[in-house]
Structures are given as C-alpha cells and as structure tokens.
Amino acid sequence: MEQRKLGPDLSVSALGLGCMGMSEFYGEGDDGESLSVIHRALDLGVTFLDTADMYGVGRNEELVGRALQGRRERVVLATKFGNVRGPNGERLGINGRPDYLRRACDASLRRLGTDHIDLYYQHRVDPGVPIEDTVGEMGRLVEEGKVRFLGLSEAGSDTIRRAHATHPIAALQTEYSLWSRDPEAAILPLLRELGIGFVPYSPLGRGFLTGRFQKPEDLPDDDFRKGSPRFSGENFARNLKLVDTVRAIAKRKNATPSQLALAWVLAQGHDIVPIPGTKRIRYLEENAEAVQVALTPDDLAEIDEAFPAGIAAGERYAEAGMKTVDL
C-alpha cells in the first residue's frame, strides 16, 4: 500500500485502521474476530493502527496489544490519553496535567505490551492546563524513548500553533468526511503551514455514508449513535438523501459508497491519512480497495457540489460532546 507522511518524518500506510468500535460504542464486539481483522489489515498493508486508553476503559489497548504479539515491528501504533474514565466506564472529565499524562502513558505501554508508542495524542484539550505544560511533558516522553511522535485530537487553531511551538506535532486527528468538512476552513490550511499531517477519524460518517443504515432501528440498542444528532429524528431522513447521492456516484465509478467516500478523503491531499474503523473483515477489505479508486477533477467537482460544507443535518456530537472540540 502507498505510504504517506505525517509531518516530515513519520511514514504510515495511506489508510489506517480505527480500532475503537472493536471494544465499545458500536454494539457488541467479538475479540476473536477483531484479532482476525487486525491481522488481515496488516496482510493488506494497513499498518497504521489507532486506539486510545478510554476505548473500552483500556480493553481496546489490551486487544491491540494481543494482536501485535510477534508483529509489533510491522506497525505504526497510535494511542491517546486525556479522556478520563472510571473502572465502571463513568466519564470523569479531561485531564492534561503532566503528572497524569505520564501515568497514562505508562499504563498504555503496559496494556499494549510494547516499550514505545509511535504516535501519542492528547485525545481532548484540557482547558484548565496550558497546552505548553501538556505538550512540554509529552516532549519529555519523546526524549525518554517512550514515545516517537506527538499528536493532538480535536484541537483548535490557536492550541495547535502554541503546541507546535512547544514541541513538533506530527499529526492532528479530527473528524473529517463528506459530511464533516469544517476543518477545511481554518484547520487544514494551518496544518499545511506548519507541516503537520492530518488524520481524519470517522471518514465514513460513523458508518452512515456506507448506506448500510436505512432507519434508526438498524442500529443496535447499545450503539452510541442512537443518541447522535445526525442519526436521530428528522436529521436521519434528511441525511439519507446524501447517501443516495454517494451511492449514485459510486455506481458510476464501479465502487461501493464506502470506497467512494474514502477515495474522496484520500484525494484531498497526500498529507491526509484516514482511519476508518471496522470489526468485520469484509468491510476492512472493502475499505482497503478504496485506494484503487481514482477520482477525476470532474468527479471531485461533482462531489464538492453535492456535499458543500455544512450539508449534514445535525451536529457531530450532542451538546456536551461539542463543548470538548476545537479548543
């Protein structure tokens, strides 16, 4: 698979694998099948794996660690800290204090069964801690060899600039897809000015752009998307019309809706590395083939016209979640 650069020095596969849904949020998982998905991803050249300490309250890191036994050298491994949860999954807020992040890093290393993290993100910005303090301590983890490169997730422009001045930031992770184009206004231009790579999560609109969901009842009862504004009420029906457009264009390109949506993200720049998540091998294989879908300038113009910024009905998160992004 094609390799891309995050920042000047971190090479990763052009497509990554988001592992979150294997352990939580998107209905019941199967660890055995998830291990098979990760192994198949590596065989396909998808070697950039994304997890976080809060996914499954540590269980996702443990799962990824098991999958990488005997395979660690083949992988660029990314994880995150900052979203604090209790032992029963309760949310305890955001913590960017230096002493906390150091403990969090050591705990992640233990769960992952590795001596270093390739890309370590602050999952959400802690407004109560100067970003210079947080990133300064993250930089010391780099000096100690526990971490290779640093990242931020859902940070705003001023925070990114201040963080990068403290220690080089290799990547920013933020939601970006055909129905979440907000980063194009200010974030992407800033990243390119500073030489920071971009890692879009939910590049398939949390699965909505795949066309697999035709009504809210198609989602499992324990799926967090049940409470997502874009998957609720009238917004669901309005957003279904967007999927119809994706499906029509994809059919002309002999591609699936998922492949078209991923191909569009990939076409936005070689400094962009989407990380679609899945816990099914068939969807992993389908997504991996998106790198073969070539979009012409006319295709891209048609897609841009059909999906202008702000086209999706509903916010990305409920009110509480929106208060934690772009800080």
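Each chain carries its own residue numbering, running from 1 in the direction its sequence is written. Under the rules for a predicted model, residues below a pLDDT of 70 receive no local features and side-chain atom pairs below 80 are neither given nor counted, while totals for whole chains, interfaces and linings still include all residues. Side-chain numbers come from the whole structure's heavy atoms, not from hydrogens or water.

(A) Region of interest: the nonpolar core. The definition of a nonpolar core used throughout is a set of buried Ala, Val, Leu, Ile, Met, Phe, Trp, Tyr and Cys residues joined through side-chain atoms within 4.5 Å. Buried means the residue's accessible area, taken with a 1.4 Å probe over protein chains only, is under 20% of the maximum for its type, while exposed means over 50%, and partly exposed covers the values in between. Within the largest apolar cluster, 70 residues are counted, with the highest numbers of intra-cluster contacts made by Leu17, Leu152 and Ile160. Only DSSP runs of H or I with at least four residues qualify as helices, and only runs of E with at least two residues qualify as strands; both kinds are numbered from the N terminus onward. With seven residues, helix α8 (residues 257-266) is the largest single contributor of residues to this core. Throughout, a contact is declared for two residues whenever any of their heavy atoms are within 4.5 Å. Not counting chain neighbours up to four residues away, the residues in contact with isoleucine 160 comprise Leu152, Ala155, Leu172, Ile187, Leu190, Leu191, Leu194 and Ile196. Counting residues in hydrophobic clusters, the runner-up holds 17 residues, among them Leu119, Tyr121, Val273 and Val325.

(B) Quick look at the pattern of salt bridges. Each salt bridge in this description consists of a side-chain nitrogen of Lys or Arg and a carboxyl oxygen of Asp or Glu lying within 4 Å of one another. Applying the stated rule across the entire model yields 31 salt bridges. The residue aspartate 99 makes a salt bridge to arginine 103 at a minimum N-O spacing of 3.6 Å. Placement of both aspartate 99 and arginine 103 in helix α3 (residues 98-112) is noted, with a separation of four residues, approximately one turn of the helix. Its relative accessible area of 48% is what places arginine 103 among the partly exposed residues. Between arginine 181 and glutamate 184 there is a salt bridge, with its nearest N and O atoms 3.0 Å apart. Given the relative accessible area of 25%, glutamate 184 is considered partly exposed. Among the ionic contacts, a cluster of salt bridges with common partners joins Arg102, Glu137, Arg140 and Glu144.

(C) Structural detail: empty space enclosed by the protein. Whether a set of points on the 1 Å grid over the protein atoms alone is a cavity depends on a 1.4 Å probe fitting there but being unable to get out, while an open set qualifies as a pocket with protein on both sides within 12 Å along at least five of seven lines; lining residues are those with an atom within 4 Å of a point. Grid points are joined across faces, edges and corners, and a volume is the space filled by probe spheres set on the points. Taken as a whole, this structure holds one cavity of 30 Å³ or more when the rule is applied. Here the largest cavity is characterised by a volume of approximately 40 Å³. As for the largest cavity, its lining consists of Leu15, Gly16, Leu17, Val46, Pro276, Thr278, Leu284, Asn287 and Ala288. Considering each element in turn, the lining of the largest cavity owes the most residues, three residues, to helix α9 (residues 281-288). In terms of residue class, the lining of the largest cavity is made up of six nonpolar, three polar and no charged. Gly falls in the polar group here, along with every residue not listed as nonpolar (Ala, Val, Leu, Ile, Met, Phe, Trp, Tyr, Cys, Pro) or charged (Asp, Glu, Lys, Arg).

(D) Here's a closer look at the packing of aromatic side chains. Between the rings of Phe, Tyr and Trp (Trp by its six-membered ring), a pair exists once the centres lie within 6.5 Å; its type follows the angle of the planes, with under 30 degrees stacked, over 60 edge-to-face, and the other angles tilted. With the rule as written, the count across this model stands at nine aromatic pairs. With centroids separated by 5.0 Å and ring planes inclined at 65 degrees, the aromatic side chains of phenylalanine 208 and phenylalanine 236 adopt a geometry described as edge-to-face. Here phenylalanine 236 lies in helix α7 (residues 233-252) and phenylalanine 208 lies in the loop between β11 (197-201) and α7, a separation of 28 residues in the sequence. Accessibility expressed as a relative area gives 0% for phenylalanine 208, which makes it buried. Judged by its relative accessible area of 3%, phenylalanine 236 falls in the buried class. The structure contains a cluster of three or more aromatic residues connected by ring pairs, namely Trp179, Phe208, Phe213, Phe231 and Phe236. The ring of tyrosine 283 is capped by arginine 212, whose NZ or CZ atom sits 3.4 Å from the centre of that ring. Charge-over-ring contacts are defined here by two conditions on Lys NZ or Arg CZ: a distance within 6 Å of the ring centre and an angle within 35 degrees of the ring normal. Taking NZ or CZ as reference, arginine 230 lies 5.0 Å from the ring centre of tryptophan 179, over its face.

(E) Fine view of the side chain of glutamate 175. Within the secondary structure, glutamate 175 sits in strand β10 (residues 171-175). In this structure the side chain of glutamate 175 is engaged in a polar contact, spanning 3.3 Å, whose partner is the side chain of serine 180. Here the side chain of glutamate 175 touches arginine 316 through a polar contact of 3.1 Å, side chain to side chain. Among residues more than four places away in sequence, those in contact with glutamate 175 are Glu154, Ser180, Pro183, Tyr201, Ser202, Arg206, Arg230, Arg316 and Tyr317. Polar contacts, as used here, are pairs of N or O atoms within 3.5 Å; protein pairs need one atom able to donate a hydrogen and one able to accept it. Residues neighboring in sequence count only if both atoms are side-chain atoms.

(F) Focus on the UniProt feature "domain: NADP-dependent oxidoreductase" (unreviewed entry) in the protein chain. UniProt positions are given in the numbering used here, feature names are shortened, and annotations may be inferred rather than shown by experiment. UniProt's entry tags residues 15-306 with the feature "domain: NADP-dependent oxidoreductase" (unreviewed entry), counted in the numbering of this structure. Along residues 15-306 one finds 40% helix and 14% strand; the C-alpha atoms at either end are 24 Å apart.

(G) Summary view of α3. Multiplying 1.5 Å by the helix residue count minus one yields the expected span of that helix. Helix length check: α3, at 15 residues, gives a terminal C-alpha distance of 21 Å against a target of 21 Å (1.5 Å per residue), a fit within 8%. All buried positions along α3 are accounted for by Tyr100, Leu101, Ala104, Cys105, Ala107, Ser108, Leu109 and Leu112. Of the surrounding secondary structure, the elements contacted by the buried residues of α3 are α2 (59-67), β5 (76-81), β6 (83-85), β8 (117-122), α4 (131-143) and β9 (147-153). Looking at the residues trailing α3, positive phi occurs at glycine 113, about 65 degrees.

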